[in-house]
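What the coordinates show
Spelled out from the first residue to the last, the chains are:
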Amino acid sequence: ELKMKVPDKLLLAAMGIAVAAAAITIVLAWEVPDANAQEAKTPVAGQASLTVTVASLQPATFPIRVSANGNIMAWQEASIGTEANGLRLTDVKVNVGDTVRRGQSLAIFAADTVEAELAQTRAAVAEADVALAEAAANAERARLLQESGALSAQQIHQYLSAERTARARLDAARAVEKTQRLRVAQTRIAAPDDGVISARAATVGAVLPAGQELFRLIRGGRLEWRAEVAATDLARLKPGQKVRITPNGGDAIEGRLRMLAPVIDIQTRNGMVYVDLPPSDTARAGMFARGEFEIGASEVMTLPQSAVQLREGFSYVMRVGPDSRVIQTKVTPGRRSGDRVQITSGLDKDDRVVVSGAAFLGDGDLVLVADGPKKAARPAASPSASQRLTLISSGGTR
């Protein structure tokens, strides 16, 4: 019996190995057709150059603007000079860029000579006043004695004439005194208005003639933009319209159109416009600036600016064809607003163009269009190899 049991165990082990081998063969045979079928379902295609997003023409409301170029200038600039002649400048109290108030002292001249002359004229006024008092008393007595006959008519006339002469001399002395007081006042240079000092020629110690310019003052610190506009566009502009002005190297500021020039330049056929500017840290008198007048709005077809590429002096877009290959298409751009650009010709409403990555594509490149995240359908789960072995084993036992 022992000899019979050993071959039985070997036989059973051999049968188990055979059953396992058969199961593995069946499993492999089941897996291989699925892989072959999957390969058969996937067609061979070219490799996409880039994954891109696309867009089509979209309507948008764009403002209608008239563009112009011009210079930022002072609204009014006052020239401040000296009226005193031959006086020495002793003190300069302001410099370029300082903000001043009306009546503020800007410079001082030496007043010693002028003050001495004023004292002399005051003494002359006092002397003339005394002489007038004496002449007036003599004239009054002559009038009282005129009817009595104590004085001759000639003497009476002399007293009355002396009174008028003394009065005239007093008036003349007072006029000289007033002139000297004005000369003393002129030794102090004061600001004629509120504003900002834009230029300074005053130098301490200089002896200046009358009429010499010392400072320039921007009245009220007020600036304006003066630009030339074509005569055909002047009819569409009106005082009070908003103007967006961008100085070179500065931020855009908003002004208002104050006045249109009453005449047109016969050489350029342009008219001057004057735009009031608000106080700004970037605008300076003399700066060049570009401006746009808003005169209305219209609806146009637009694309994102990133979709339009400038190549060899022309504007192009990368249009996506039905076969997912891009076609370089020439377009005509128009106005721009924000991140949108108007397309006036070259595209149909339903055409799809590349928005991002167009600069890296060439005509005919294959692209993969990203339509946004979508949930892919989950394929039916197939039984695993262990599950298949279990099924086979269970089927074999059955």
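Summary of the structure given here. (Residues numbered from 1 in each chain as written. Predicted model: local features only at pLDDT ≥ 70, side-chain atom pairs only at ≥ 80, totals over all residues. Heavy atoms only, no water.)

**Thoughts on the packing of aromatic side chains**
Rules: Any pair of Phe, Tyr and Trp rings, taking the six-membered ring for Trp, is counted once the centres come within 6.5 Å. Such a pair is stacked with planes under 30 degrees apart, edge-to-face with planes over 60 apart, and tilted for the rest. Helix and strand assignments come from DSSP, with helices taken as H or I runs of at least 4 residues and strands as E runs of at least 2, each series counted from the N terminus. Relative accessible area decides the class of each residue, using a 1.4 Å probe on protein chains only: under 20% of the type maximum gives buried, over 50% gives exposed, and in between gives partly exposed. Sitting over a ring, as applied to charges here, requires NZ of Lys or CZ of Arg to be within 6 Å of the ring centre and within 35 degrees of the ring normal.
Counted by the stated rule, this structure contains 1 aromatic pair. Their ring planes at 35° and their centres at 6.0 Å tell us that Trp225 and Phe293 sit as a pair that is tilted. With Trp225 in strand β12 (residues 223-230) and Phe293 in strand β16 (residues 288-304), this residue pair connects regions lying 68 residues apart in the sequence. Residue class for Trp225 comes out buried when judged on its relative accessible area of 0%. Here the guanidinium or amino end of Arg222 rests over the ring plane of Trp75, the centre of that ring lying 4.0 Å away.

**A word on the pattern of salt bridges**
What counts is decided by this rule: In the sections that follow, a salt bridge refers to a side-chain nitrogen of Lys or Arg positioned within 4 Å of a carboxyl oxygen of Asp or Glu.
Per the counting criterion, the structure on display carries 19 salt bridges. Salt-bridge contacts for Glu77 lead to Arg216; the nearest nitrogen and oxygen are separated by 3.9 Å. Separated by 139 residues along the polypeptide, Glu77 in strand β4 (residues 77-81) and Arg216 in strand β11 (residues 213-219) bring together distant segments of the chain. On the accessibility criterion, Glu77 (41% relative accessible area) is partly exposed.

**Regarding the sheet that holds strand β7 (residues 105-109)**
Here is the rule we go by: Two strands are said to pair when DSSP picks up at least two bridges between them.
Strand order in the open sheet made by the 4 strands is β8-β7-β5-β10, with antiparallel pairing throughout. The open sheet has two edge strands, β8 (188-190) and β10 (207-208), and neither has a second partner. When strand β5 (residues 87-92) meets β10, the two strands line up antiparallel, connected through 2 bridges. The residue of β10 that forms the bridge with Leu87 is Leu208.

None of this, on its own, says anything about what the molecule does.
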